[in-house]
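Commentary on secondary and tertiary structure
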Amino acid sequence: MAELVQRYLDQIRAEHATNGDGAVADYIPELARVDPAGFGLSLVLDDGFCYESGDTSTEFTIQSVSKPFTYALALDRFGFEAVDAKIGVEPSGEAFNEISVDETTNIPKNPMINAGAIAAVSLIPGDSADERFAQIHAFYSAFAGRDLPVDEAVYASEKATGSRNRAIAYMLQSFGVLDGDPDETLDVYFRQCSILVTSTDLARMAATLARGGVDTTGRRLTTPPVVLRTLSVMVTCGMYDAAGDWVSAVGMPAKSGVGGGIAAVLPGQLGIGVYSPRLDGRGNSVRGVAVCRSLSERLGLHFLSKARESRSTIRASYDVRDGIRVYELHGDLLFAGAEQVLRTLDDECDRFEIAVLDVTRVDDVDSTARRMLAGMRGALAAQGKVGFIVDPDSVLEAPREATFGTVDEALATAGSDG
Ligand code: GLN
């Protein structure tokens, strides 16, 4: 039944596939050479389950999507006070590579622009560039759940041509923000930008943030306050000077990079990773932004919509008699909750002939969840199974013939059917 969700994602991606607007980054030849048509969309749920659509195994350089993770690492290793003394949390409204600091504090305005990101790199403890990079690399890899490779050609090229970033680093040194050798810090920054990821890696990294910094094996990678702070600056500054548009239209903490990647986080629910290398004038992936917009609208993912906890949608499930299994749902039913229900039915489908979905205790259902559960009965029928719904208040607005007022009524019908 997870295929209902899969089809939905494929459809949303397909709607944007023909959009050829924008241009791939060409400030170094290695980036200009990528296939502009590449387009991957990955969605990783709170429990680690992953949906993939399109070119989700194409590797590309993480570029600025790295920034929130290095900031998180700096906070984790160095502490809030020390980091806050060097990097602000105010949106800048400037281009990502602006050579500027805050006029009053003389520190970078936030960690999502290059100045702040370079300052964050300088705070990662270590005696050499190699040591610092090793920590950064291990941290990202843990978030992604695999050992991430590095694109050596992009790294060499970034390093050979990065005058603007060099100007930023030396400016920071002159303001007393960078203590160490600016060139060593830049070397680590260029390597960090050259780490290779797929859209699925980004979705997994985002999902680890969505889970408050705990990976799917239960290992804690950083603390909840660090994640909270990181997500906060992603909300206000993650999409460069398009942050306002993004928050209004999409409403998820996110970060983009000139490699064409976007990572977006819906706390407590899911992570999204998109890859499409053609960029708009601000350096954001054109189709990446468009597809995130559609996902947010169609799946009801805006973080300021009245979403409450949806993780514990299935309150109880039990067998009443051979072949009949009841699933009691509660709380508000939104995308992630409905997805959990469909996938549980998939996982347990050899345990029942008839599934009874009891939504008596569900408070509120959004249109996405309603559509998804409406598809459930058809999908069960395709597998030769039957789905009954117990819905005394008609919150699902499902057809009457499959809907019952109580579990007993459903069971009576199930009994006479069987
Ligand atoms: N390597 C690029 C830079 O530092 C990354 C920029 C980006 O993704 N916005 O300029």
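Refer to the structure printed above.
Residues numbered from 1 in each chain as written. Predicted model: local features only at pLDDT ≥ 70, side-chain atom pairs only at ≥ 80, totals over all residues. Heavy atoms only, no water.

1. Considerations on the overall build of the protein
Here is the rule we go by: For helices the rule is a DSSP run of H or I covering at least 4 residues; for strands it is a run of E covering at least 2, with both sets numbered from the N terminus onward. Throughout, the radius of gyration refers to the C-alpha atoms, and the reference size of a globule is 2.2 Å times the residue count to the power 0.38. For the exposure calls, accessible area comes from a 1.4 Å probe over protein chains only, and a residue counts as buried if that area is under 20% of its type's maximum, exposed if over 50%, partly exposed in between. Contact criterion: two residues are considered in contact whenever any of their non-hydrogen atoms come within 4.5 Å of each other. Computed with a 1.4 Å probe, the accessible areas rest on the Shrake-Rupley method; for each residue, only the protein chains presented here act as cover. Within this scheme the basic residues Lys and Arg register as positive and the acidic residues Asp and Glu register as negative, but His and the chain ends are omitted. A charge is said to be at NZ when it belongs to Lys, at CZ for Arg, at CG for Asp and at CD for Glu.
When its secondary structure is counted, the protein shows 16 helices and 12 strands. Taken over the C-alpha trace, the protein has a radius of gyration of 24 Å; the compact-globule value for 418 residues is 22 Å, and the two agree within 12%. Overall size of the protein, expressed as C-alpha extent along the three principal axes, is 80 × 45 × 35 Å. A burial count over the protein gives 58% of its 418 residues as buried. Contacts in the protein between residues far apart in sequence, at least 24 positions, make up 70% of those at least 6 positions apart. Here the protein has roughly 15900 Å² of accessible surface; of this, 50% comes from carbon and sulfur atoms. Treating the 38 positive side-chain charges of the protein as one cloud and the 60 negative ones as another, the clouds have centres 1 Å apart.

2. Some thoughts on the pairing of strand E7 (residues 270–275)
The condition that has to hold: If DSSP finds at least two bridges between two strands, the strands pair.
Among the six residues of E7, six are classified as buried, and the element is accordingly described as predominantly covered. Side chains Leu270, Ile272 and Val274 of E7 all project onto a buried face; the interleaved residues Gly271, Gly273 and Tyr275 project onto the opposite face, where all are buried too. Sheet topology places strand E1 (residues 40–45) next to E7; six bridges connect them, and they run antiparallel. When the bridges of E7 are listed, leucine 43 appears paired with isoleucine 272. Direction of pairing for strand E6 (residues 261–266) relative to E7: antiparallel, over a ladder of six bridges. What sits directly across from glycine 261, in E7, is tyrosine 275. The hairpin turn running from E6 into E7, its antiparallel successor, is three residues long, and glycine 268 in that turn takes a positive phi close to 80°.

3. What to know about the sheet that holds strand E9 (residues 324–333)
Read across the open sheet, the five strands follow the order E8-E9-E10-E11-E12; overall the sheet is mixed. Strand pairing shows two members of the sheet lacking a second neighbour, strand E8 (314–321) and strand E12 (403–404), which therefore form its edges. In terms of strand pairing, E8 meets E9 through six bridges, oriented antiparallel. Note on E9: the bridge partner recorded for tyrosine 318 is valine 326.

4. Focus: the nonpolar core
Where we set the bar: Definition used in this section: a nonpolar core is a set of buried Ala, Val, Leu, Ile, Met, Phe, Trp, Tyr and Cys residues joined via side-chain atoms within 4.5 Å.
One finds Ile62, Ile118, Tyr140, Leu172, Leu202, Met205 and Leu209 to be the most contacted residues of the largest nonpolar core, which totals 61 residues. Residue assignment for this core shows that the elements contributing at least two residues are helix H3 (67–78), helix H5 (114–123), helix H6 (129–144), helix H8 (163–174), helix H9 (182–193), helix H10 (199–210), helix H11 (224–237) and E6. In contact with isoleucine 62, not counting residues within four places along its chain, are Tyr140, Gln192, Cys193, Ile195, Val197, Leu202, Met205 and Gly257. Core analysis: the next-biggest nonpolar cluster, separate from the first, contains 57 residues, Tyr8, Tyr51, Ala338 and Leu380 among them.

5. Brief notes about the pairing of E6
Counted residue by residue, E6 has six buried out of six residues, so it is predominantly covered. Taking every second residue as pointing to the same face, both faces of E6 are buried, with Gly261, Ala263 and Val265 on one and Ile262, Ala264 and Leu266 on the other. A loop of four residues connects strand E5 (residues 254–256) with E6, the two strands running antiparallel in sequence, and glycine 260 in this loop sits at a positive phi of about 105°.

6. With respect to the packing of aromatic side chains
Stated precisely, the cut-off is as follows: Between 30 and 60 degrees the pair is tilted, below 30 it is stacked and above 60 it is edge-to-face, where a pair is any two Phe, Tyr or Trp rings, Trp via its six-membered ring, whose centres lie within 6.5 Å. Any Lys NZ or Arg CZ found within 6 Å of a ring centre and within 35 degrees of that ring's normal is scored as a charge over the ring.
Taken as a whole, this structure holds eight aromatic pairs when the rule is applied. Members of the aromatic cluster, connected to one another through ring pairs, are Phe69, Phe139, Tyr140 and Phe143. Above the ring of phenylalanine 39, the side-chain terminus of arginine 287 is found at 4.2 Å from the ring centroid. Above the face of the phenylalanine 352 ring, lysine 385 is positioned so that its terminal group lies 5.7 Å from the ring centre.

7. Observations concerning the pattern of salt bridges
Quick reminder of the rule: Think of a salt bridge as a Lys or Arg side-chain nitrogen and an Asp or Glu carboxyl oxygen that are within 4 Å of each other.
All told, the structure shown has 23 salt bridges when counted by the stated rule. Glutamate 353 serves as the salt-bridge partner of lysine 385, at 3.8 Å between the closest nitrogen and oxygen. Taken together, the residues lysine 385 in the loop between helix H15 (367–382) and strand E11 (386–390) and glutamate 353 in the loop between helix H14 (335–347) and strand E10 (354–365) connect sequence positions 32 residues apart. When salt bridges with common partners are traced through the structure, they connect Asp130, Lys159, Asp187 and Arg191 into a single cluster.

8. Focus on the sheet that holds E5
Rules: Orientation is described by axes fitted as lines to C-alpha atoms, over the contacting stretch for helices, and by angles from 0 to 180 degrees between their N-to-C directions.
Reading across from one edge, E2-E1-E7-E6-E5 is the order of the five strands in this open sheet, with antiparallel pairing throughout. The open sheet has two free edges, formed respectively by strand E2 (50–54) and E5, since each of these has just one partner strand. Each strand axis lies, on average, 10° off the axis of its neighbour in the sheet, ignoring direction. Lying on the sheet, H14 is in contact with E1, E2 and E7; it crosses E1 at an angle near 80°.

9. Structural notes on the environment of glycine 93
Within the secondary structure, glycine 93 is located in the loop between helix H4 (80–84) and H5. Accessibility expressed as a relative area gives 60% for glycine 93, which makes it exposed. Between the C-alpha atoms of glycine 93 and glutamate 328, which are 235 residues apart in sequence, the distance is 48 Å.

10. Examining H3
An α-helical segment advances 3.6 residues per turn. Residues three or four places apart therefore align on the same side. The condition is simple: A helix's residues, less one, multiplied by 1.5 Å, set its expected span.
For H3, which comprises 12 residues, the first-to-last C-alpha distance of 16 Å matches the rise-based estimate of 16 Å (1.5 Å per residue) to within 8%. If you check which residues of H3 are buried, you get Lys67, Pro68, Phe69, Thr70, Tyr71, Ala72, Leu73, Ala74 and Leu75. Glycine 79 sits one or two residues past H3 and shows a positive phi near 90°.

11. What about unusual backbone geometry?
With a phi close to 50°, glutamine 63 is a non-glycine residue in the positive phi region. A positive phi angle is found at serine 394, which is not glycine, with a value near 55°. Relative to the assigned elements, serine 394 resides in the loop between E11 and E12. What makes serine 394 partly exposed here is its relative accessible area of 34%.

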